[in-house]
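Secondary and tertiary structure notes
Below are the chains, spelled out letter by letter.
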Amino acid sequence: MLVIGEKINVMSKTIGPAMKSREAKPIQELALAQVGAGANMLDVNIGPATKGGPEMMDWLVKMIQEVVDVPLSLDTTNAAAMEAGLKVHKGQALINSASGEKERLTSMLSLAAKYDAKVIGLTLTKAGIPRDANERMAIAVDIIGACAEHGVSLENLYLDPLILPIGVAQQQAMEVVEAIKMFRQLNEPPIKTVVGLSNIYNGVPEEIHGVLIRTYLTVLMTAGLDAAIMDALDKDLMDTLKTIQIFKNEILYCHSYLD
Ligand code: THG
């Protein structure tokens, strides 16, 4: 399982202001901490970044890759900011994300082909949030078709069924699980899947966050999830992940528990 650290996020009370004032140190420390805790990739989320997006992403990518050598997941809907990040990124970046929305699909897949990047295909369109696994499948099929048109190898695609907050969309939790199973049937070898795990607890009391994400991760990984944008600094969550990997025979028992 690919662990993508979620902490470098413009919404964060400490990191948002540091991004805006170009203060490198807290961001670099958070990058190092997440990689030290087991993150294989780091999400760099600047949101829509309508003002100064390209400059912000250029600065972030260079500055973060000065201290860690994992690839970055460039998280923005701003295509110009995405390209600015891809231009300076060392190694293979992950574009987070394309969606089923025509313009975003075209711009992000063009960039994926141009820079040989991996790309997340979020099963979301302008028509609104998908209601069930079948609606997610229909969008996934469109995204896969567009990959072929743009010359993006399916090996570089991660489909994201979009986790919604449990408090507002309880019936969606298992639709996401079903979608992961269905996406895997779309190709041989199976198309990889990714989620933003913490979406699930938005609006839920903090005492419940831990048990919610640990249990949900277990269910998602049983369905075959390949990657998650998640809190790598949450030790209980990372321990749960390692334990599931033992059950799935993905890591050796001795290696994990004796270390
Ligand atoms: N899919 C894809 N990308 C995504 C998401 C997704 N990117 C953004 C998001 N969803 C995943 N990342 C986060 C990052 C942080 C939180 C939730 C999702 C979060 N953080 C803490 C909180 O609010 O409690 C701390 C925030 C703070 O420091 O203030 O919830 O689904 N492709």
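Given the structure is predicted, the values throughout are model-derived calculations rather than measurements.

1. What to know about the overall build of the protein chain
Each helix and strand counted, the protein chain has 10 helices and 8 strands in total. Here the C-alpha radius of gyration of the protein chain, 18 Å, is about what a compact globule of 259 residues would show, namely 18 Å. Each of the three principal axes of the protein chain carries a C-alpha extent, and together these read 45 × 40 × 35 Å. Expressed as a percentage of the 259 residues in the protein chain, the buried residues total 51%.

2. Details of the pattern of salt bridges
Enumeration according to the criterion identifies 8 salt bridges in this entry. Between Lys62 and Asp58 there is a salt bridge; the shortest N-O distance is 3.1 Å. With Lys62 and Asp58 both in helix α3 (residues 53-65) and 4 residues apart, the pair spans about one turn of that helix. Residue classification places Lys62 among the partly exposed residues on the basis of a relative accessible area of 43%. Among the residues examined, Asp58 registers a relative accessible area of 22% and is labelled partly exposed. With a shortest N-O distance of 2.8 Å, Asp239 and Lys235 are connected by a salt bridge. Taken together, the residues span about one helical turn, with Asp239 and Lys235 both in helix α9 (residues 235-247) at a distance of 4 residues.

3. Some remarks on the pairing of strand β2 (residues 41-47)
For β2, the buried fraction is high: 7 of the 7 residues fall into the buried class. Neither face of β2 is exposed, since Met41, Asp43, Asn45 and Gly47 on one face and Leu42, Val44 and Ile46 on the opposite face are all buried. Sheet topology places strand β1 (residues 2-9) next to β2; 4 bridges connect them, and they run parallel. By the bridge assignment for β2, Ile4 is matched with Met41. As paired strands, β2 and strand β3 (residues 72-76) are joined by 5 bridges and run parallel to one another.

4. Some details on the packing of helix α6 (residues 133-150) against helix α7 (residues 173-184)
Relative orientation of the contacting elements α6 and α7 amounts to 40°, with a least axis distance of 8 Å. Viewed along their axes, α6 and α7 adopt a mutual orientation that is oblique. Judged by the sense of rotation from one axis to the other, the crossing of α6 with α7 is right-handed. Between α6 and α7, the contacting residues are Ala133, Asn134, Arg136, Met137 and Ala140 on the first element and Glu175, Val176, Glu178, Ala179, Met182 and Phe183 on the second.

5. Notes on unusual backbone geometry
Most peptide bonds take the trans form, and the phi angle of most residues other than glycine is negative. Between Asn96 and Ser97 the backbone carries a cis peptide bond, its omega angle lying at 10°. If you trace the backbone, Ser97 turns up in strand β4 (residues 94-99). In this chain, Glu188 is followed by Pro189 through a cis amide linkage whose omega measures 0°. As for its placement among the helices and strands, Pro189 is situated in the loop between α7 and β7 (192-196). Residue Asp116 is not a glycine yet carries a positive backbone phi of 50°. Relative to the elements of secondary structure, Asp116 occurs in the loop between α5 (102-115) and β5 (118-122). Phi is positive for Leu162, close to 70°, though the residue is something other than glycine. Tracing the backbone through its elements, the reader meets Leu162 in the loop between β6 (157-160) and α7. In this structure Leu162 comes out as buried when scored by relative accessible area, which is 13%.

6. Focus: the site of the ligand
The full set close to the ligand counts 14 residues, and Asn9, Asp75, Asn96, Asp160 and Asn199 are the nearest of them. One of the side-chain nitrogen or oxygen atoms of Lys13 is found 3.2 Å away from an oxygen atom of the ligand. Between the ligand and Asn199, the relevant distance is 2.6 Å, taken from an oxygen atom to a side-chain nitrogen or oxygen of the residue. Here the ligand has 670 Å² of accessible area as a free molecule, and 73% of this is covered by the chains.

7. Focus on the sheet that holds β4
In sheet architecture, strand pairing relies on hydrogen bonds along the backbone and comes in two forms, parallel and antiparallel. Strand order in the closed barrel formed by 8 strands is β1-β2-β3-β4-β5-β6-β7-β8, with parallel pairing between adjacent strands. Between one strand and the next, the sheet's axes are offset by a mean angle of 30°, whatever the strand orientation. Seen against the sheet, helix α2 (residues 24-36) touches β1 and β2 and runs at an angle of roughly 160° to β1.

Cut-offs used in this document
- Residues numbered from 1 in each chain as written.
- Predicted model: local features only at pLDDT ≥ 70, side-chain atom pairs only at ≥ 80, totals over all residues.
- Heavy atoms only, no water.
- Helix = DSSP H or I, 4+ residues; strand = E, 2+ residues; numbered from the N terminus.
- Rg over C-alpha atoms; globule rule 2.2 N^0.38 Å.
- Buried < 20%, exposed > 50% of the residue type's maximum accessible area, 1.4 Å probe, protein only.
- Salt bridge = Lys/Arg side-chain N within 4 Å of Asp/Glu carboxyl O.
- Pairing = 2+ DSSP bridges.
- Axes fitted to C-alpha atoms, helices over the stretch in contact; angles between N-to-C directions.
- Parallel < 35°, antiparallel > 145°, perpendicular 65-115°, else oblique.
- Left-handed = near helix turned anticlockwise from the far one by under 90°.
- Contact = heavy atoms within 4.5 Å.
- Near = heavy atom within 4 Å.
- Polar contact = N/O pair within 3.5 Å; in protein donor to acceptor, adjacent residues only side chain to side chain.
- Areas by Shrake-Rupley, 256 points an atom, 1.4 Å probe, with all protein chains shown as cover.

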